[in-house]
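Inside the fold
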Amino acid sequence: MNDKIEAGCDLLVVSPHTDDAEIGLGGVMAAWAAAGRRVWALDLTRGELGSNATPEERWAEGVAAAEVLGLAGRVQLELPDGFVDATNPEHVGAVGSMLRRLRPRWVVTAPEPRRHPDHVVTPALVEKAIFHARLAAWRPDEPVHRVWGGGAPLPADTPTWQVEARFDTCPVGGEAALLVDISAHWQTKRRALDCYASQFARGDGRRATMINEPAFLEEIERRARAWGRRAGVDHAEALSGTAVPLVTDLPGEVWC
Ligand SMILES: [Zn+2]
């Protein structure tokens, strides 16, 4: 279906709030960007219900993190924080419209941890948008959004788009479909997380939350070390999904 139209990016990471992509997949984003892949982040909401910081402060933090990770671009939609709805045609249309513009080869959602209702529904919303983006008769409206792309505008949209593969970040205790070695990029992920001072650091009159206590960042590192230990490397991130690759020869990857 994509024979005549080239992919606009290699990896698109979709997350409910600006910072979830870095929490779940910052290492993969940094590693693949460093390898020359075009990596974009798509944040579904502005995070206006967050306990700390304004949407504008959170967007500025997200842009800083994108620069640290070497992303090609970041888009933030304005779906209602706390009320992202996979059954709402406008919400599906907002994501589908961006799929047709960014034309990603792979889409990964970053819904962990799944305490928040927006996190719970994000994989289902993206799954539906991916399905509809293939349908030429479906014409979603252009959603309200803002974009950072190093000065580059969003590409024009295409009538249809078919992604090659979709994954989610693997939950703790979940079954990984892929492990990605991020050992050489762990420090870059940490620097990207440090950009979100309003979310992960206490002080300056900030309200205490579950993610701005030191144990939260320690948990992220513990998880990366645990996946890494299974693979025999220092740090790894895990993806889960139901698709399997079709191969024609013995693959060269390490199995673990
Ligand atoms: Zn979130």
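Look up a bit, the structure's there.
Thresholds, definitions, all that
Residues numbered from 1 in each chain as written. Predicted model: local features only at pLDDT ≥ 70, side-chain atom pairs only at ≥ 80, totals over all residues. Heavy atoms only, no water. Phe/Tyr/Trp six-rings, centres within 6.5 Å; stacked < 30°, edge-to-face > 60°. Helix = DSSP H or I, 4+ residues; strand = E, 2+ residues; numbered from the N terminus. Buried < 20%, exposed > 50% of the residue type's maximum accessible area, 1.4 Å probe, protein only. Core = buried A, V, L, I, M, F, W, Y, C linked by side-chain atoms within 4.5 Å. Contact = heavy atoms within 4.5 Å.

Once that is clear, we can look at the packing of aromatic side chains. Inspection of every chain in the model, using the stated rule, returns two aromatic pairs. For the ring pair W32 and W106, a centre distance of 5.7 Å and an interplane angle of 75° mean the geometry is edge-to-face. Of this pair, W32 sits in helix α1 (residues 20-34) while W106 sits in strand β4 (residues 104-109), placing them 74 residues apart in sequence. Judged by relative accessible area, W32 falls into the partly exposed class, the value being 24%. Seen from their ring centres, W106 and F167 are 5.1 Å apart, and the 45° between their planes marks the pair as tilted. Of this pair, W106 sits in strand β4 while F167 sits in strand β6 (residues 165-169), placing them 61 residues apart in sequence. You can call W106 partly exposed: its relative accessible area is 22%. Put simply, the rings of W32, W106 and F167 pair up and form one aromatic cluster.

Here we come to the nonpolar core. It is characteristic of soluble globular proteins that their nonpolar side chains tend to be buried jointly. Residues V13, L25, M29, L71, F200 and I220 are the most contacted members of the largest nonpolar core, which totals 36 residues. Discounting chain neighbours no more than four positions away, the residues touching V13 are A21, L25, M29, W40, A41, L42, V108 and A110. Counting residues in hydrophobic clusters, the runner-up holds 28 residues, among them C9, V84, A86 and V95.

Now for the side chain of D19. For D19, the location among the structural elements is in the loop between β1 (9-15) and α1. We classify D19 as buried; its relative accessible area is 3%. The residues touching D19, leaving out its near neighbours within four places in the chain, are R58, R74, Y196, Q199, F200 and I211.

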